[in-house]
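Letter by letter, the chains look like this.
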Amino acid sequence: MAKKEEELDPETLALINWCIEVEGFLVAAGATLEEAQDHIEEQIEWFTDQFYEGLTPEQAAKEALA
């Protein structure tokens, strides 16, 4: 029997999608996909704060690289 997937609330989905966009900007700036993912995972609280402060994914990536 297939396990029913847990549904995420819209806010959590928005944050996940936002992080995926940030990841793309980090890769465009020269990081590997793995490096970008690792950095976001290691700094998830900081990125979450940036999301709630209204930064765009591009702005958050620039701040992360500063």
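Calculation criteria
Residues numbered from 1 in each chain as written. Predicted model: local features only at pLDDT ≥ 70, side-chain atom pairs only at ≥ 80, totals over all residues. Heavy atoms only, no water. Core = buried A, V, L, I, M, F, W, Y, C linked by side-chain atoms within 4.5 Å. Buried < 20%, exposed > 50% of the residue type's maximum accessible area, 1.4 Å probe, protein only. Helix = DSSP H or I, 4+ residues; strand = E, 2+ residues; numbered from the N terminus. Contact = heavy atoms within 4.5 Å. Salt bridge = Lys/Arg side-chain N within 4 Å of Asp/Glu carboxyl O. Arc of directions from axis to C-beta. Phe/Tyr/Trp six-rings, centres within 6.5 Å; stacked < 30°, edge-to-face > 60°.

As a further point, take the nonpolar core. Leu15, Trp18, Cys19, Val22, Leu26, Ala36, Ile40, Phe47, Phe51, Leu55, Ala60 and Ala61 together form the largest nonpolar core, which totals twelve residues. Among the elements of the structure, helix H1 (10–28), helix H2 (33–42), helix H3 (44–52) and helix H4 (57–65) are those that each provide at least two residues to this core. Among the elements that line this core, the one with the most residues is H1, at five residues. Setting aside anything within four residues of it in sequence, one finds Phe47 in contact with Trp18, Val22, His39, Ile40, Ala60 and Ala64.

The subject of this paragraph is the pattern of salt bridges. Evaluation of the coordinates by the stated rule reveals one salt bridge. Of the charged contacts in the structure, one is a salt bridge between Lys62 and Glu58, with a shortest N-O distance of 3.8 Å. A residue pair is termed a helical-turn pair when its members lie 3 or 4 positions apart in one helix, as Lys62 and Glu58 do in helix H4 at four residues. A relative accessible area of 55% places Lys62 in the exposed class. On the basis of relative accessible area, Glu58 is assigned to the partly exposed category, the value being 37%.

A few words on H4. Taken residue by residue, H4 has Pro57, Ala60 and Ala61 as its buried positions. Buried positions in H4, seen along its axis, are confined to an arc of 100° and lie on one side of it. In this structure, the buried residues of H4 make contact with H1 and H3.

Bringing the side chain of Gln50 into the picture now. Within the secondary structure, Gln50 is located in helix H3. The contact partners of Gln50, leaving out residues within four places of it in the chain, are Trp18, Leu55 and Ala60.

Attention now moves to the packing of aromatic side chains. In the structure shown here, the tally under the stated rule is three aromatic pairs. Between Trp46 and Phe47, the aromatic rings sit 4.9 Å apart at their centres with planes inclined by 85°, giving edge-to-face as the arrangement. Phe47 sits in the buried class, given a relative accessible area of 0%. When the ring of Phe51 is compared with that of Tyr52, the centres are 5.0 Å apart and the planes differ by 80°; the resulting orientation is edge-to-face.

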